[in-house]
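Letter by letter, the chains look like this.
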Amino acid sequence: SVKPYQPKDVWENSTSGRGSLATYRQDHGDKLYRRGMYTFIKLTAPPPSMMIFDASNRDQCEVKRLQTNTPLQALVMMNDPQILEASKVLAATLLQEQSTLSAKLEKAFRLIVCRKPKPTELNALQQYYDEQIKSLDPEMAKAFLSVGEYKIVAPLDVKEHATMMKVINLIYNLEETIVKS
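Note that the structure is predicted; figures quoted are calculated from it, not measured.

Asker: In this structure, what is going on with helix α3 (residues 81-95)? I would like to understand it.
Answerer: For an α-helix, 3.6 residues make a turn, and residues three or four places apart therefore share a direction. For α3, spanning 15 residues, the distance from its first C-alpha to its last is 21 Å, which sits close to the expected 21 Å at 1.5 Å a residue. Burial in α3 covers these residues: I83, L84, E85, S87, K88, L90, A91, A92, L94 and L95. Those residues of α3 that are buried are in contact with α2 (71-79), α4 (101-113), α6 (138-145) and α7 (158-172). Its side-chain oxygen at 2.8 Å from the backbone nitrogen of Q82, D80 defines the N-terminal cap of α3.

Set out below in structure tokens:
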């Protein structure tokens, strides 16, 4: 099992305070980066982000999850360290490729949404990128990139990396991404 990022004190507030499961000990390194199906679930304190996205409460087998779309899901997608870290890592991977910005944006969209973007969608992503790179100061960029434990070893421009991270996070927040059929 894996114990991924989880809000502080979720376990501690729903336990008797005894035993090995009294406190949450998040995994680190390679153990942290495993599929969600391997997540350790404590019945009295299930992972909040999984519950917000209609994960099974494990009382019975569920073949297909419900498809709801709530404001809480958008908040998770914009603030959860796991999503932000995934955005950061994909941004770094794309920035290391020898291709145009347009090609990078198209590839990010294709990888996340699983289809090619329409010209209007690609244009909107390009505009968002241009706006963000102009308005983002270096200190704020460093704060965005400090999320998560994954260390990016490639020497990347901080503003470009943070801006690409924000664009990718925007793609993750599309309804089409969240509620795939």
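Asker: Teacher, can you tell me more about the nonpolar core here?
Answerer: Taken as a class, soluble globular proteins show a tendency for nonpolar side chains to be buried jointly. Counting 29 residues, the largest nonpolar core has I112, M164, I168, I171 and Y172 as the members making the most contacts within it. For this core, the secondary-structure elements that each account for two or more residues are α2, α3, α4, α5 (119-135), α6 and α7. For this core, the element with the highest residue contribution is α7, accounting for 7 residues. What I168 contacts, discounting residues up to four positions off in sequence, is S87, L90, A91, L94, A108 and I112.

Asker: Sorry if this is basic, but what is going on with the environment of T23 here?
Answerer: Mapping T23 onto the fold places it in the segment before α1 (48-52). Each C-alpha atom of the pair T23 and N13 lies 9.4 Å from the other, and the pair is 10 residues apart in sequence. Other than its neighbours up to four places away in sequence, T23 contacts W11 and E12.

Asker: Help me out: how do you make sense of the pattern of salt bridges in this one?
Answerer: Oppositely charged side chains are able to pair whenever their charged atoms sit close together. By the definition in use, this model includes 5 salt bridges. The closest approach of N and O atoms between E106 and K116, which form a salt bridge, is 3.5 Å. Of this pair, E106 sits in helix α4 while K116 sits in the loop between α4 and α5, and the two are 10 residues apart along the sequence. With relative accessibility at 23%, the residue E106 sits in the partly exposed group. K116 gets classed as exposed once you look at its relative accessible area, which sits at 56%. We note a salt bridge from E176 to R115, for which the minimum N-O separation is 2.7 Å. You can see E176 sitting in helix α8 (residues 175-178) and its partner R115 sitting in the loop between α4 and α5, a full 61 residues away along the chain. Classification of R115 as partly exposed rests on a relative accessible area of 23%. Three or more residues are tied together by salt bridges with common partners; here these are R115, E121 and E176.

The rules behind each value
- Residues numbered from 1 in each chain as written.
- Predicted model: local features only at pLDDT ≥ 70, side-chain atom pairs only at ≥ 80, totals over all residues.
- Heavy atoms only, no water.
- Helix = DSSP H or I, 4+ residues; strand = E, 2+ residues; numbered from the N terminus.
- Expected span 1.5 Å × (residues − 1).
- Buried < 20%, exposed > 50% of the residue type's maximum accessible area, 1.4 Å probe, protein only.
- Contact = heavy atoms within 4.5 Å.
- Polar contact = N/O pair within 3.5 Å; in protein donor to acceptor, adjacent residues only side chain to side chain.
- Core = buried A, V, L, I, M, F, W, Y, C linked by side-chain atoms within 4.5 Å.
- Salt bridge = Lys/Arg side-chain N within 4 Å of Asp/Glu carboxyl O.

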